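# Descriptive analysis of the structure
Now for the letters of each chain:
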Amino acid sequence: MATLDSIDRRLLAELQAEGRITNVDLASRVGLTAPPCLRRVRALEEEGVIRGYHADLDPSRLGFTITVFAMVSLKSQAEEDLRAFEQHIKGLPEIRECHMLNGEIDFILKIVSKDLQSFQEFLTSKLTPAPNVASVKTSLTIRTAKNEPGVPLE
C-alpha cells in the first residue's frame, strides 16, 4: 500500500473527480505550484496508484440500452479452470466487469447490450457455452441509483 500524505490524497480526489484538469488548475486547488504538483502526480502514476485516465461514456447514447448482471457458477473451481474462464471472458467486450466471488456463485459479470435480443444472443452463443460453465443466472438492471468510480479519499 502506498504511503500518502494529505496533499497526495487531495491530488487523487481532484483527479478522480476531474481527470482532465490541467496541472496548473490542479496545483492551485491543492495549494502547490505547478512543477511540484506534476512531480507528485508522475510519482503516483509510476507507483501504480494512478492506473490511467478514462472518459465516462453514456452507454445509452452509444446504443447500449441495457445492463445485466450475470451470476456464473462453474463446474470446477480448480485454478486452471478458473483461469480458462477468465481468459475466455476477456475476449468478450460486452462484459465490462468480472469479479470472482466466494460462496455458491463463482463470478459476477456486468454486461452491456444494445437490446434484449442482442443480450439473449450473447448469453446463448458466448456466455453459457463458455468452458466449464455450469449455470448462469441473470438480472436486468432497472435503474442505477449510484455509480461512483474510484475509492473514497476523504
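The name given to the protein chain in an unreviewed UniProt entry is Lrp/AsnC family transcriptional regulator, with Croceibacterium selenioxidans as the source organism.

What follows is about helix α1 (residues 6-17). In this model, α1 (twelve residues) spans 17 Å end to end at C-alpha, consistent with the 16 Å of a helix rising 1.5 Å per residue. The set of residues buried in α1 consists of I7, D8, L11, L12 and L15. What you see down the axis of α1 is that its buried residues fit within an arc of 135°, all on one side. The outward face of α1, more than 90 degrees from its buried face, is lined by the exposed residues S6 and A17. Buried residues along α1 sit against α2 (23-30) and α3 (34-46). Between a side-chain oxygen at the N-terminus of α1 and the backbone nitrogen of I7 the separation is 3.1 Å; the capping residue is D5.

What follows concerns the packing of aromatic side chains. By convention here, two paired aromatic rings are described through the distance between centres and the angle between planes. Under the definition given, this model contains one aromatic pair. Where F85 meets F107, the ring centres are 4.9 Å apart and the plane angle is 40°; that geometry is what we call tilted. Note that F85 is positioned in helix α4 (residues 79-90) and F107 in strand β3 (residues 107-113), a separation of 22 residues in sequence. For F85, a relative accessible area of 0% gives the class buried. Against the face of F64 rests K114, its NZ or CZ located 4.4 Å from the ring centre.

Reading the values: rules and limits
- Per chain, residues are indexed from 1 in the order of the written sequence.
- Given that the model is predicted, a residue must reach a pLDDT of at least 70 before its local features are reported, and side-chain atom pairs must reach 80 or more before they are shown or counted; all residues, however, enter totals for whole chains, interfaces and linings.
- The basis for every side-chain value is the complete set of non-hydrogen atoms in the structure, without hydrogens or water.
- In DSSP terms, a helix is any run of H or I states spanning at least four residues, a strand is any run of E spanning at least two, and both are numbered starting from the N terminus.
- Helix span, as expected, comes to 1.5 Å for every residue beyond the first.
- Working definition: with a 1.4 Å probe on protein chains only, accessible area under 20% of the residue-type maximum means buried, over 50% means exposed, and in between means partly exposed.
- As used here, the arc belongs to the directions running from the helix axis to the C-beta atoms.
- Residue contacts follow a heavy-atom distance rule, with two residues in contact if any of their heavy atoms lie within 4.5 Å.
- Counting of polar contacts relies on pairs of N or O atoms within 3.5 Å, with two restrictions inside protein: one atom must be capable of donating a hydrogen and the other of accepting it, and residues adjacent in sequence are counted only when both atoms are side-chain atoms.
- Within 6.5 Å between ring centres, the rings of Phe, Tyr and Trp (the latter by its six-membered ring) count as paired, and their orientation is classed by plane angle as stacked under 30 degrees, edge-to-face over 60, tilted in between.
- Working rule: Lys NZ or Arg CZ, within 6 Å of ring centre, within 35 degrees of ring normal, means a charge sits over the ring.

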